[in-house]
Amino acid sequence: MKICCLVKEVPDAAVQKRIDDSTKRLDRSGEKNLNPFDTHAIEAAMQLKEGGELAIDEVVAVTMGPQTAVRALHKAVALGADRSVHLTDAALEGSDVCATGYALAKVLESESPDLVLLGQQSDDGECYTIGAVVADHLKMPSLTQVIKMDVADGKLRLERQAEYGYDTVEVELPAVISVGDAINEPRYPSLKAIMGAKKKQLDTRGASDVSIEADRVGEQGSRTTVLEINPPPQKEGGEIIEDEDTNETVEKLVAWLEERKLL
Amino acid sequence: MAGILVYALHDDEGNFNKNSLGAISEAAKLAAELGAEAGVVVVGDVSDEAAAGLGAYGAKKVHRAKEVPEGLAQPVVDVMAKVIVDDGYSYALFGGGLLGFEVGAGLTARLNAGVTMEVTQVKVADGKLVAERPVLQDSAIVDVGYVDEPGIIIGRLNAFDLSEGDGGSAEVVDVDVELSDWSTKAKMVQRGEARGEDVNIEDADILVGGGRGLGKAEGFELAEALAGALGGAVAATRAVVDAGWYPYAAQIGQTGKTVAPKLYLAAGISGAIQHKVGMQNSENILAINKDPNAPIFEFADLGVVGDLHKILPKLTEAVQAKKGG
């Protein structure tokens, strides 16, 4: 069996994120980290492989993005993936959620995975949705925001929190599952794994290599358009105290609470 | 017809979700501006009366798929895709919530339709809907238009206010839908299990919210002590609830509760959007966090950058002294 992990590069938390006024796209130049949620997806894949209840032959990391996105693949391989696939093509730039989900589904289709795992969200926009978009294209069952995954009788037994409490759901394979950060504690890659990551097989694919229809991706193929970008309504910023002397800080807090009749 | 279709989620007792009802109200308002009507999809065991009752929020027509199970997204995608195509709806609108995200995303793929998530406002321009979506930790607001119909709009939690209209009754039509193969390959084993004790945070005037910054489950003792001194209750973020540090019933945000106390004291909470949507209407927000870049400081009325393990015990003592004195 084969597990594909969808991964992506996201901006470093310390980098100020901004939208490029000329293209109305997110400026991705500061991106250099593997999306933290994706590290949980890789860990989940590794635990399935090591658990042995499913005969997992390989774990393949898959990403879509510019040349620099190979860094995310190297990190994914250092964390345990056996090899990686990089979908990259100028024609894909500016794809919206609909187009991105379609393109990812096409590259995944070329790998015929038995299970697709991904992080439930990334902090650069496409939160929560990509897994479900990909699943419908691949005609696979899907569950997002999963926090517990077990194998029972060749099926996945999954838990997640939904509107009314915790749901337990049984899903047949092949399937697309997005995971939350409570699902596991990702391991640290060994130095040897980091050093060896660049030597592992990395296949680069263009849009036509995986039969992506050109008119369904990129800005032209997107189904939404950004009309305007505006600053949010001005909100008066609150006061910020640096805690240097805790007794003094507490005095200020008590005064603030009293002033608002909260004590 | 340029109608707007809403999915109304309900629990196992048949109670509709507040965010779904808000989405119906919003759809009715927008549809009126478009010169169209708002429709609703419900699945599972919904009585004639309950379905027709959605007319009170402005729904004209309720499409009911009785045989389709409630609680998982993909069967609902099958139903909504069919209704959108058969009845010619131009938009699908979802209130905030996990299932809405999944159903909306599935429809995007199925109908090759544009989607906008975390929408806080929808407006009408030139006979079309435009979705407003805050991005980059709410530092910019993007207006998103749709190239073609249908367009999918997924609201942020509590984005759409619930309003009861003229109290009319909606027409209820049963729809027969053949589910896709893959939609039947996920099965609900148990739905809506409450874990941990039941706590009431919605009626508290003062809430001390605890997040990952508390360090470990035992860290909640600090929050409980302070809440006790202030005469309030303790609330929690999803991250710490999923990690098992605190009961689900105390959770605020996207898949938890929405609160608006007189004081919300956020201890070790970064202030991610998913939490913010559940508590941003609190009258006074006080945040303590060691990370000066935490988003919570952008909407707190008073922020303290510091170690809550040092500050909370002393604050508890000081509040006790004040109240006792």
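All values derive from a computational prediction rather than experimental measurement.

So, about the overall build of chain A. The secondary structure content of chain A amounts to 7 helices and 15 strands. Residues classed as buried in chain A amount to 48% of the 263 residues present. Considering only contacts within chain A whose residues lie at least 6 apart along the sequence, 71% involve residues at least 24 apart.

What follows concerns the overall build of chain B. Each helix and strand in chain B was counted, giving 8 helices and 16 strands. Relative to the compact-globule value of 20 Å for 325 residues, chain B shows a C-alpha radius of gyration of 22 Å, a close match. Overall, chain B is about 70 × 45 × 40 Å in size when its C-alpha atoms are taken along their principal axes. Residue burial in chain B is summarised as follows: out of 325 residues, 58% are buried. Considering only contacts within chain B whose residues lie at least 6 apart along the sequence, 67% involve residues at least 24 apart.

This part covers the sheet that holds strand S15 (residues 284-289) of chain B. To summarise the sheet geometry, strands pair through backbone hydrogen bonds and adopt either a parallel or an antiparallel arrangement. Strand order in this open sheet of 6 strands is S15(A)-S16(B)-S15(B)-S14(B)-S12(B)-S13(B), and the pairing throughout is parallel. This sheet does not close on itself; its edge strands, each paired only once, are strand S15 (239-242) of chain A together with strand S13 (233-236) of chain B. The mean angle between the axes of side-by-side strands here comes to 20 degrees, regardless of whether they run parallel or antiparallel. Judged from the 4 bridges that link them, S15 of chain A and strand S16 (residues 302-305) of chain B form a sheet pairing that is parallel. In the sheet register, glutamate 239 of chain A faces S16 of chain B, and the bridge partner there is leucine 302 of chain B.

Between helix H4 (residues 130-138) of chain A and helix H4 (residues 98-111) of chain B, whose axes approach to 7 Å, the crossing angle comes to 45 degrees. One element, H4 of chain A, and the other, H4 of chain B, form an angle in the oblique class. With respect to the hand of their crossing, H4 of chain A and H4 of chain B are arranged in right-handed fashion. Between H4 of chain A and H4 of chain B, the contacting residues are Ala132, Val133, Asp136 and His137 of chain A on the first element and Glu102, Ala105, Gly106, Thr108, Ala109 and Arg110 of chain B on the second. Looking at the contact of H4 of chain A with H4 of chain B residue by residue, the classes come out as 4 nonpolar, 3 polar and 3 charged.

One finds Cys5, Ala76 and Leu117 of chain A together with Ile4, Val6, Ile24 and Met80 of chain B to be the most contacted residues of the largest nonpolar core, which totals 141 residues. With 9 residues, helix H3 (residues 97-109) of chain A is the single largest residue contributor to this core. Here cysteine 5 of chain A is in contact with Asp38, Ala41, Ile42, Ala45, Val59, Ala61, Val62, Ala76, Ala81, Leu117 and Leu118 of chain A, once residues within four sequence places are set aside.

What follows covers the domain arrangement of chain B. Residue and element names in this part refer to chain B. With domains assigned, chain B is organised as domain 1 (4-184) and domain 2 (206-324). Distance between the C-alpha centres of domain 1 and domain 2: 33 Å. Facing 7 residues of domain 1, the contacting portion of domain 2 comprises 7 residues.

Turning our eyes to something else, we now look at helix H7 (residues 246-259) of chain A. With 14 residues, H7 of chain A should cover 20 Å at 1.5 Å per step; its first-to-last C-alpha distance of 20 Å lies within 8% of that length. The set of residues buried in H7 of chain A consists of Thr249, Val250, Leu253 and Leu257 of chain A. Looking down the long axis of H7 of chain A, one finds its buried residues gathered within 95 degrees of arc, a one-sided arrangement. Seen from the open side of H7 of chain A, the exposed residues pointing more than 90 degrees away from its buried face are Asn247, Glu248, Ala255, Glu258 and Glu259 of chain A. Where the residues of H7 of chain A are buried, they touch S15 of chain A together with S16 and helix H8 (308-324) of chain B.

A separate point is the interface of chain B and chain A. Across the boundary between the two partners, chain B contributes 79 residues, which contact 64 residues of chain A. Among the elements that make up the side of chain B that touches chain A, the one with the highest residue count is H4 of chain B (9 residues).

The next point concerns unusual backbone geometry. All names here are of chain A. Residue proline 174 is reached from leucine 173 by a cis peptide bond, and omega for that bond is 0 degrees. Positive phi, normally seen in glycine, also occurs at serine 112, with a value near 45 degrees. Exposure remark for serine 112: the 10 C-beta atoms within 10 Å place this residue in the exposed category.

Now for the confidence of the model for chain B. The share of residues in chain B with pLDDT of 70 or more is 99%, and the mean pLDDT across the chain is 94. The ipTM, which scores confidence in the relative placement of chains, is 0.90 for this predicted complex, and the corresponding pTM is 0.90.

As a further point, take the environment of glycine 155 of chain B. Residues and elements named next belong to chain B. Within the secondary structure, glycine 155 is located in strand S9 (residues 151-155). Its 27 C-beta neighbours within 10 Å are what place glycine 155 among the buried residues. A sequence separation of 37 residues divides glycine 155 from glutamate 118, and the C-alpha atoms of the two residues are 5.1 Å apart.

An α-helix turns once every 3.6 residues. As a result, residues three or four positions apart point the same way. Helix length check: H4 of chain B, at 14 residues, gives a terminal C-alpha distance of 20 Å against a target of 20 Å (1.5 Å per residue), a fit within 8%. The positive-phi residue at the C-terminal boundary of H4 of chain B is asparagine 112 of chain B, with phi of around 45 degrees.

Next up on the list: the packing of H3 of chain A against H4 of chain A. All names here are of chain A. Relative to each other, H3 and H4 sit at 55 degrees, their axes nearing to 8 Å. For the element pair H3 / H4, the angle class is oblique. The hand of the H3/H4 crossing is right-handed. Between H3 and H4, the residues in contact are Val97, Thr100, Gly101, Tyr102, Leu104, Ala105, Leu108 and Glu109 and Ile130, Val133, Val134, His137 and Leu138, respectively. Across the contact of H3 with H4, the residue classes break down as 9 nonpolar, 3 polar and 1 charged.

Turning to the pairing of strand S12 (residues 175-179) of chain A, a few remarks are in order. A regular strand places its side chains on the two faces of the sheet in alternate fashion. All names here are of chain A. By the criterion of burial, S12 is predominantly enclosed, with 5 of the 5 residues buried. Of the two faces of S12, both are covered, the one formed by Ala175, Ile177 and Val179 as well as the one formed by Val176 and Ser178. In the sheet, strand S8 (residues 115-119) pairs with S12 via 5 bridges, with the strands oriented parallel. When the bridges of S12 are listed, leucine 115 appears paired with alanine 175. The pairing of strand S9 (residues 142-152) with S12 spans 3 bridges and is classified as parallel. If you follow leucine 143 over to S12, its bridge partner there is isoleucine 177.

Parameters and conventions
Residue numbers restart at each chain and count upward from 1, following the sequence in its written direction. Going through the entries in the order they are written, you letter the chains from A and number the ligands from 1. Given that the model is predicted, a residue must reach a pLDDT of at least 70 before its local features are reported, and side-chain atom pairs must reach 80 or more before they are shown or counted; all residues, however, enter totals for whole chains, interfaces and linings. Segments assigned H or I by DSSP are reported as helices when at least four residues long, segments assigned E as strands when at least two residues long, and all are numbered from the N terminus. Partly exposed residues are those falling between the two cut-offs: more than 12 but fewer than 20 other C-beta atoms within 10 Å of their own, whereas 20 or more means buried and 12 or fewer means exposed, with C-beta atoms placed from the backbone. By the convention adopted here, residues are in contact when the distance between their C-beta atoms, placed from the backbone, does not exceed 7 Å. This radius of gyration counts C-alpha atoms alone. The globule rule is 2.2 Å times how many residues there are, raised to the power 0.38. At least two bridges found by DSSP between two strands are what make those strands a pair. Axis geometry follows a simple rule: fit a line to the C-alpha atoms, using only the stretch in contact for helices, then measure angles between N-to-C directions, giving values from 0 to 180 degrees. For classification, angles of less than 35 degrees are called roughly parallel, those exceeding 145 degrees roughly antiparallel, those between 65 and 115 degrees roughly perpendicular, and all remaining angles oblique. A crossing counts as left-handed when the near helix is turned anticlockwise from the far one by less than a right angle, and as right-handed when that turn is clockwise. Gly is placed with the polar residues, together with every amino acid not listed as nonpolar (Ala, Val, Leu, Ile, Met, Phe, Trp, Tyr, Cys and Pro) or charged (Asp, Glu, Lys and Arg). For the purposes of this analysis, a nonpolar core is taken to be any set of buried Ala, Val, Leu, Ile, Met, Phe, Trp, Tyr and Cys residues that are connected through C-beta atoms within 7 Å. As used throughout, domain bounds are those supplied by an automatic or database domain assignment. To estimate how far a helix should reach, multiply one less than its number of residues by 1.5 Å. Directions drawn from the helix axis to the C-beta atoms are what define this arc. Confidence of the predictor at the level of single residues is given by pLDDT, which spans 0 to 100.

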